[in-house]
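Residue strings, one per chain:
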Amino acid sequence: MPLSITAIPAFETNYIWALHNGRDCVLVDPGSSAEPMAFLQSHGLTLCALLLTHHHHDHIGGADDILARHPVPVWGPVDPRIPQVNRPVSEGDQALVPELELQLDVLETPGHTTTHIVFHNDEMLLAGDTLFSIGCGRLFEGTPAQMQASLDKLAALPDQVKVYCAHEYTLDNCRFALAVEPDNPALQARAEQAGQLRKSSHITLPSTLGEERAANPFLRTREADVIDAANRREPGTGQDPAAVFGAIRRWKDTF
Ligand SMILES: [Zn+2]
């Protein structure tokens, strides 16, 4: 059976992604245990690994409970705040899940937290809280320059890569992005589509990297319209992508 990827909703806005083939299953960022355990049971799946992107509780809070019942490999960043990780990985490493014939490359993406990582191949990006659809993570620990460099790494991935982020923030992100780039047709279309999907309580994910590059202002800090908007918001910002990113991110924080 080919790989299926299912969003398991948790808390208010989180998605715990389940990668499965009808028999084995990987869980990404299980912030809670009840929902993913019920998913495994109702689909008759065996857990074979956890993937963790960063230390925030809404991403790892369910891990201890799950691991107590299913002691599996746990791939994640090197960070004492994530003691559950038993397969520590950093930039250039791979996470290997033989049960699903899955090999995922690891990128370090500091910004939201200092040790945030993402997992990807040519088909998927498990983005955690680094990249959201039409948005990006808040800078809790990193600098604008760090986050700009992290997003540059993700923006370099192929157009067709599907973006699996950890929160349903798309519609709110579109509202902000339209304040930055009101005349961007790709963004207008995404906002319309996301509005329709949420009206009927549907998920807006995954998107693709091609779509994000066309409409996500945080991946567009070298575009004239985004530079202009940043400089209207914070005069003197200039054209440096990290400075533009910082101005746009601070704007979003108070939007
Ligand atoms: Zn987070």
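For the structure itself, consult the block above.
The structure presented is a predicted model; accordingly, all values stated were derived computationally and were not measured.

1. Some points on the nonpolar core
Ranked by internal contacts, the top residues of the largest apolar core, which has 72 residues, are Leu50, Leu51, Leu52, Leu125, Leu126 and Tyr164. Excluding its chain neighbours within four sequence positions, the residues that come into contact with Leu51 are Val26, Val28, Trp75, Ala95, Phe119 and Leu126.

2. A closer look at the pairing of strand β9 (residues 117–120)
Of the two faces of β9, the one lined by Ile117 and Phe119 and the one lined by Val118 and His120 are each fully buried. Where strand β8 (residues 102–108) lies against β9, four bridges are found, and the strand directions are antiparallel. Looking across to β9, one finds that Leu107 is bridged to Val118. In terms of strand pairing, β9 meets strand β10 (residues 124–128) through two bridges, oriented antiparallel. Looking at the pairing, His120 lines up with Leu125 of β10. The hairpin turn running from β9 into β10, its antiparallel successor, is three residues long.

3. Observations regarding unusual backbone geometry
Following Leu205, the chain continues into Pro206 via a peptide bond in cis, with omega recorded as -5°. Note on placement: Pro206 falls in the loop between α6 (185–199) and β14 (207–208). Of note, the phi angle at Asp29 is positive, near 55°, even though the residue is not glycine. For Asp29, the location among the structural elements is in the loop between β3 (24–28) and α1 (34–43).

4. Structural notes on helix α9 (residues 241–253)
For α9, built from 13 residues, the straight-helix expectation of 18 Å at 1.5 Å per residue is met to within 8% by its first-to-last C-alpha distance of 18 Å. For α9, the full list of buried residues reads Ala243, Val244, Phe245, Gly246, Ala247, Ile248 and Arg249. Contact partners of the buried residues in α9: α4 (144–155), α5 (170–180) and α8 (224–233).

5. Here we look at the sheet that holds strand β4 (residues 46–51)
Paired through backbone hydrogen bonds, the strands of a sheet run either parallel or antiparallel to each other. One open sheet accounts for six strands, arranged β1-β2-β3-β4-β5-β6; its pairing is mixed. Unpaired on one side and paired on the other, β1 (4–10) and β6 (87–88) mark the two borders of the sheet. Where β4 and strand β5 (residues 74–76) come together, two bridges link them in parallel fashion. Directly across from Leu51, in β5, lies its bridge partner Trp75. Seen against the sheet, α1 touches β1, β2 (14–20), β3 and β4 and runs at an angle of roughly 140° to β1.

6. What about the sheet that holds β10?
With respect to topology, six strands assemble into an open sheet ordered β7-β8-β9-β10-β13-β14, the strand pairing being mixed. This sheet does not close on itself; its edge strands, each paired only once, are β7 (94–97) and β14.

7. Side note on the environment of Thr254
Positionally, Thr254 belongs in the segment after α9. For Thr254, a count of 5 C-beta atoms within 10 Å gives the class exposed. For the pair Thr254 and Arg175, spaced 79 residues apart in sequence, the C-alpha to C-alpha distance is 13 Å.

8. So, the packing of α5 against α6
For the pair α5 and α6, interaxial distance at closest approach is 9 Å and the crossing angle is 150°. Classified by the angle their axes make, α5 and α6 are roughly antiparallel. Regarding α5 and α6, the two cross each other, and that crossing is left-handed. The residues of α6 that touch α5, namely those facing Thr170, Leu171, Cys174, Ala177 and Leu178, are Leu187, Arg190, Ala191, Ala194, Gly195 and Arg198. When the residues that make up the contact of α5 with α6 are grouped by side-chain class, the tally is seven nonpolar, two polar and two charged.

Cut-off values and rules
Residues numbered from 1 in each chain as written. Predicted model: local features only at pLDDT ≥ 70, side-chain atom pairs only at ≥ 80, totals over all residues. Core = buried A, V, L, I, M, F, W, Y, C linked by C-beta atoms within 7 Å. Buried ≥ 20, exposed ≤ 12 C-beta atoms within 10 Å, placed from the backbone. Contact = placed C-beta atoms within 7 Å. Helix = DSSP H or I, 4+ residues; strand = E, 2+ residues; numbered from the N terminus. Pairing = 2+ DSSP bridges. Expected span 1.5 Å × (residues − 1). Axes fitted to C-alpha atoms, helices over the stretch in contact; angles between N-to-C directions. Parallel < 35°, antiparallel > 145°, perpendicular 65-115°, else oblique. Left-handed = near helix turned anticlockwise from the far one by under 90°. Nonpolar A, V, L, I, M, F, W, Y, C, P; charged D, E, K, R; others polar.

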